[in-house]
Amino acid sequence: SQQGEEDPQALSIQEGENATMNCSYKTSINNLQWYRQNSGRGLVHLILIRSNEREKHSGRLRVTLDTSKKSSSLLITASRAADTASYFCATDSYGQNFVFGPGTRLSVLP
Amino acid sequence: DTAVSQTPKYLVTQMGNDKSIKCEQNLGHDTMYWYKQDSKKFLKIMFSYNNKELIINETVPNRFSPKSPDKAHLNLHINSLELGDSAVYFCASSPSGGNQPQHFGDGTRLSIL
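In this report, we go over the structure that sits alongside the text. (Residues numbered from 1 in each chain as written. Chains lettered and ligands numbered in written order. Predicted model: local features only at pLDDT ≥ 70, side-chain atom pairs only at ≥ 80, totals over all residues. Heavy atoms only, no water.)

A closer look at the overall build of chain B
And step 1. Regarding its fold elements, chain B presents 0 helices and 11 strands.
And step 2. Counting from the amino terminus, helix and strand elements in chain B follow one another as β-β-β-β-β-β-β-β-β-β-β.
And step 3. Here chain B has a C-alpha radius of gyration of 13 Å; the compact-globule value for 113 residues is 13 Å, and the two agree.
And step 4. Across its three principal directions, the C-alpha atoms of chain B cover 35 × 30 × 25 Å.
And step 5. The burial tally for chain B puts 40% of its 113 residues in the buried class.
And step 6. Across chain B, contacts joining residues at least 24 apart in sequence account for 54% of those joining residues at least 6 apart.
And step 7. About 5600 Å² of surface is accessible on chain B, with carbon and sulfur atoms providing 47% of the total.
And step 8. Taking the 12 positively charged and 11 negatively charged side chains of chain B as two groups, their mean positions are separated by 5 Å. (Helix = DSSP H or I, 4+ residues; strand = E, 2+ residues; numbered from the N terminus. Rg over C-alpha atoms; globule rule 2.2 N^0.38 Å. Buried < 20%, exposed > 50% of the residue type's maximum accessible area, 1.4 Å probe, protein only. Contact = heavy atoms within 4.5 Å. Areas by Shrake-Rupley, 256 points an atom, 1.4 Å probe, with all protein chains shown as cover. Lys, Arg positive; Asp, Glu negative; His and termini not counted. Charge placed at Lys NZ, Arg CZ, Asp CG, Glu CD.)

This is how it looks when you write it as structure tokens:
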């Protein structure tokens, strides 16, 4: 199975609500990154969190990392219609290539 | 200016043909990548080059051959195209390999008839 797996697979919320996406992985990591992909476009890097960090913020984004549970979460606060996209986590692990999960498709309804 | 640009954006061709996709980055990065994204959005790395040298070569059919004439360019040539090659191919770059954030192009949608 995938090294990084996001859940839920799809999420639909109203504008202004918060959106939380989770990522689980199997092996020890150096860091974990979150990316956004708008329809028909390439991936855009959002946040990188290192294995010795527990939480990082960037604007309306908050990422947490729990290495004991091998999981990460991405929280988008006060969502906007423009946040509609697919969100991917990617793990960098010793001796492994960079691995992307299958993504969470977020729909923010106006 | 587009940071990572790949051409063409769309490629429709018949089974058995040979085609190439070009990628260029103007970020001064040392490392470039090719990824394949299937219809279920799974994104899988195919190749990685660091300063024109191949450093990652995943289990990819040898019909796929990357070429890096210089560190700003990484092209992908595909021989004898098959139906299963239909996907979106993304080029990406990063300052160096390892844990650096990657910058992606907008993809080339390859459709095999």
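There is more to say, and it comes next.
Some details on the interface of chain B and chain A
And step 1. The partner chain A presents 18 residues to the 19 residues of chain B that form the contact.
And step 2. Summing both partners gives a buried area of about 1600 Å² for chain B against chain A, and 52% of it is carried by carbon and sulfur.
And step 3. Taken together, the connections running from chain B to chain A amount to 1 salt bridge.
And step 4. A salt bridge links D106 of chain B to R41 of chain A, with the shortest nitrogen-to-oxygen separation between them at 3.0 Å.
And step 5. Listing elements by their share of the side of chain B that touches chain A, those giving two or more residues are β4 (31–37) and β5 (43–50) of chain B.
And step 6. Tallied by class, the residues present in the side of chain B that touches chain A amount to 8 nonpolar, 6 polar and 5 charged. (Buried area = accessible area lost by both parts, 1.4 Å probe. Salt bridge = Lys/Arg side-chain N within 4 Å of Asp/Glu carboxyl O. Nonpolar A, V, L, I, M, F, W, Y, C, P; charged D, E, K, R; others polar.)

Considerations on the sheet that holds strand β1 (residues 5–7) of chain A
Residues and elements named next belong to chain A.
And step 1. The 5 strands are arranged β1-β3-β8-β7-β6 in an open sheet whose pairing can be described as antiparallel. Bordering the open sheet on either side are β1 and β6 (55–58), each of which pairs with just one other strand. Going from strand to strand, the sheet's axes swing by 20 degrees on average, the running direction of each strand aside.
And step 2. As paired elements, strand β7 (residues 61–66) and strand β8 (residues 71–76) share 6 bridges and run antiparallel to each other. Each bridged residue has a counterpart across the sheet, and for L61 the counterpart in β8 is I76. (Pairing = 2+ DSSP bridges. Axes fitted to C-alpha atoms, helices over the stretch in contact; angles between N-to-C directions.)

With respect to the environment of F98 of chain A
And step 1. Within the fold, F98 of chain A resides in the loop between β9 (85–92) and β10 (99–100).
And step 2. What makes F98 of chain A buried here is its relative accessible area of 7%.
And step 3. Taking the C-alpha atoms as reference points, F98 of chain A and T77 of chain A, 21 residues apart in sequence, are found 28 Å from one another.
And step 4. Other than its neighbours up to four places away in sequence, F98 of chain A contacts Q33, Y35, A90, T91 and D92 of chain A together with Y35, I45 and Q102 of chain B.

What to know about the layout of surface pockets
And step 1. Looking at the largest pocket, its volume works out to about 420 Å³.
And step 2. For the lining of the largest pocket, the class distribution of residues is 7 nonpolar, 12 polar and 7 charged. (1 Å grid on protein atoms, 1.4 Å probe; cavity = no way out; pocket = protein on both sides within 12 Å on 5 of 7 lines; lining within 4 Å. Points joined across faces, edges and corners; volume = space filled by probe spheres on them.)

A few points about the pattern of salt bridges
All names here are of chain B.
And step 1. Per the counting criterion, the structure on display carries 6 salt bridges over all chains.
And step 2. Put simply, D30 and K71 hold a salt bridge, and the shortest N to O gap is 2.7 Å. Here the residue D30 occupies a position in the loop between β3 (19–25) and β4, and K71 occupies one in the loop between β7 (64–70) and β8 (73–78), the gap between them amounting to 41 residues.
And step 3. The class for D30 is partly exposed, based on a relative accessible area of 27%.
And step 4. Classification of K71 as partly exposed rests on a relative accessible area of 32%.
And step 5. Beyond isolated ion pairs, a larger network of salt bridges with shared partners links R63, E82 and D85.

What to know about the packing of aromatic side chains
And step 1. Under the definition given, this model contains 8 aromatic pairs over all chains.
And step 2. When the ring of Y35 of chain A is compared with that of F104 of chain B, the centres are 5.9 Å apart and the planes differ by 80 degrees; the resulting orientation is edge-to-face. In this pair, Y35 of chain A is assigned in strand β4 (residues 31–37) and F104 of chain B in strand β10 (residues 103–104), connecting two distinct chains.
And step 3. The buried category is assigned to Y35 of chain A, whose relative accessible area is 0%. (Phe/Tyr/Trp six-rings, centres within 6.5 Å; stacked < 30°, edge-to-face > 60°.)

Side note on the pairing of strand β1 (residues 4–7) of chain B
Taken residue by residue, a regular strand's side chains alternate between the two faces of the sheet.
Residue and element names in this part refer to chain B.
And step 1. Burial along β1 is one-sided: the face carrying V4 and Q6 is buried and the face carrying S5 and T7 is not.
And step 2. Relative to β3, β1 runs antiparallel, the two sharing 4 bridges. Residue pairing for β3: S5 is matched across the bridge by E24.

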